[in-house]
Amino acid sequence: MSAAQGRPVRRRFSADTTIDDLKAYMEPFAGSLGYKFNTEEWFVDEVLASEIGILDATGDVYCPCRMRTGNPKEDVAIVCPCIPFHNVQFAAMRKCWCGLFILNDVEDGADLLGVIEEPEKGAEVEVPVCRVEDMPAGSVRHVKVGKRDIALARVGDEFYALSNVCLHAFGPLSGGVLDGHTVVCPWHGWRYDVRTGTTDHPGADVKTYPVVVRDGLVLVVTTV
Amino acid sequence: MTVMLYALSTCPYCRLTKKYLDENDVEYDVIDVDLLEGDERTAVLADVKNLSGGTSFPVLVVGEEVIVGFNKAAMKEHLGL
Ligand code: SF4
Ligand code: FES
């Protein structure tokens, strides 16, 4: 489409990109989110071969199992690996839509192959957001869990998740600094207890979410 | 019973589904939605959304039943294989 404006179509990855190149590029990223390639290797190769076809046709590795709308703003949500955009759904299904990726702790990906069932609304789900080793003690960072913006804080070896949005003037709490169990909002210094989401200011407490640490991963508990 | 398959030409599950239907001598109609253009594509995509509630493929319609994905168990059941 963009060629119509006289500019060359921009393309990610070089013209001779192979399945192995895509694997090498995707594996560490998916791994940092708690996913691995499906254990059915023939299927992984099948999906990635499709993606290379799509790359040649469109310039990027869009999901072979989903329909592009043609609107780049919408279609960014289906550039592979699309895990961060759909992390609640995928954690509930234990795989991505296509089944290219499965959660680390799924032993046999064949069991999950093929079926696409949207998870039940309201079901509780543990959503992997990062690896323990990616967050030093005393740090706080922004994670997206479904549509929710969450500040993830590490105090010693404990992790806490609370709404990222300060209720003073909506500053991002993940941009603040930690003082013990208190996160200090970067905008005007309001202080929130990361364990409870409470602040001294009346009526301005924020929501907190349970966090589980398992197999080196940090998981935020939420509902579909 | 009419069997209708909405598919994408790029999609591995769609290929597996076509293969499975062919191997079992099921008669079906198929539309590769990504190969349609313009209004037709928009209209068919809207149908798919109505049927399946999403934009995942394939969507196999067997009479009144809608099967999303390459779901052998569901196909067996509803196609009486
Ligand atoms: S559903 Fe799976 S294969 Fe499709 S874009 Fe997302 S991660 Fe990639
Ligand atoms: S927005 Fe957080 S202190 Fe003002």
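Residues numbered from 1 in each chain as written. Chains lettered and ligands numbered in written order. Predicted model: local features only at pLDDT ≥ 70, side-chain atom pairs only at ≥ 80, totals over all residues. Heavy atoms only, no water.

Below, the discussion takes up the interface of chain A and chain B. The interface of chain A with chain B comprises 22 residues on the first partner and 18 residues on the second. Interface area for chain A against chain B, summed over the two sides, is near 1500 Å², with a carbon-plus-sulfur share of 58%. Considering only the surface of chain A that becomes buried against chain B, Cys65(A), Met67(A) and Ile116(A) emerge as the three largest contributors, covering 39% of it. Across the chain A-chain B interface, the total number found is one salt bridge. Taking the shortest distance from any N to any O, the salt bridge between Glu46(A) and Arg15(B) comes out at 3.3 Å. Across the contact surface, chain A and chain B share seven residue pairs in polar contact (both at pLDDT 80 or more). Partitioning the side of chain A that touches chain B into residue classes produces 13 nonpolar, three polar and six charged. (Contact = heavy atoms within 4.5 Å. Buried area = accessible area lost by both parts, 1.4 Å probe. Salt bridge = Lys/Arg side-chain N within 4 Å of Asp/Glu carboxyl O. Polar contact = N/O pair within 3.5 Å; in protein donor to acceptor, adjacent residues only side chain to side chain. Nonpolar A, V, L, I, M, F, W, Y, C, P; charged D, E, K, R; others polar.)

Now for the side chain of Ser56(B). In this structure, Ser56(B) sits in the loop between α2 (38-52) and β3 (59-62). In terms of polar contacts, Ser56(B) uses its side chain to reach the side chain of Arg66(A), at 2.3 Å. The contacts of Ser56(B), once residues within four sequence positions are left out, are Cys65(A), Arg66(A), Trp97(A), Ile116(A), Glu118(A) and Val68(B). (Helix = DSSP H or I, 4+ residues; strand = E, 2+ residues; numbered from the N terminus.)

Two side chains bearing opposite charge may form a pair once their charged atoms approach each other closely. Residue and element names in this part refer to chain A. For the coordinates displayed, the defined rule picks out 14 salt bridges over all chains. Across the pair Arg11 and Asp56 runs a salt bridge, and its minimum N-O distance is 2.9 Å. Here the residue Arg11 occupies a position in the segment before α1 (19-32), and Asp56 occupies one in helix α2 (residues 41-58), the gap between them amounting to 45 residues. Residue classification places Arg11 among the partly exposed residues on the basis of a relative accessible area of 32%. With its nearest N and O atoms 3.4 Å apart, the salt bridge here joins Arg131 to Asp134. (Buried < 20%, exposed > 50% of the residue type's maximum accessible area, 1.4 Å probe, protein only.)

Close to ligand 1 lie Glu51(A), Cys63(A), Cys80(A), Pro81(A), Cys82(A), Cys96(A), Trp97(A), Cys98(A), Leu100(A) and Phe101(A), which account for all nearby residues. Looking at the shell around ligand 1 residue by residue, the class counts come to nine nonpolar, no polar and one charged. (Near = heavy atom within 4 Å.)

Turning our attention to the state of the cysteines. Residues and elements named next belong to chain A. A full pass over the atoms with the stated rule returns one disulfide over all chains. Disulfide pairing places Cys65 opposite Cys98 at an S-S distance of 2.2 Å. Judged by the torsion about the S-S bond (140°), the Cys65/Cys98 disulfide is right-handed. Residue Cys65 is found in the loop between α2 and α3 (72-75), and its partner Cys98 is found in the loop between α4 (87-93) and β2 (101-103); the two are separated by 33 residues along the sequence. Each member of the pair, Cys65 as well as Cys98, is classed as buried. (Disulfide = S-S within 2.5 Å.)

Moving on, we get to the sheet that holds strand β8 (residues 182-184) of chain A. Residues and elements named next belong to chain A. Taken in spatial order, the three strands make up an open sheet running β7-β8-β9, and their pairing is antiparallel. Since the sheet does not close on itself, it has two edges, and those belong to β7 (177-179) and β9 (191-193), each with one partner. Averaged over all adjacent pairs, the angle separating strand axes in this sheet is 30°, with direction ignored. Relative to β8, β7 runs antiparallel, the two sharing three bridges. Each residue of the ladder has a partner; that of Asp179, found in β8, is Thr182. (Pairing = 2+ DSSP bridges. Axes fitted to C-alpha atoms, helices over the stretch in contact; angles between N-to-C directions.)

For the rest of this paragraph, the subject is a nonpolar patch on the surface. Residues and elements named next belong to chain A. A cluster of nonpolar residues, Val165, Leu167 and Phe170, forms a patch on the protein surface that exposes about 260 Å² of accessible area. With respect to the helices and strands, Phe170 occurs in the loop between β6 (158-163) and β7. Judged by relative accessible area, Phe170 falls into the exposed class, the value being 57%. (Patch = residues over 30% accessible without salt bridge, like charges linked within 9 Å, V, L, I, M, F, W, Y side chains within 5 Å. Areas by Shrake-Rupley, 256 points an atom, 1.4 Å probe, with all protein chains shown as cover.)

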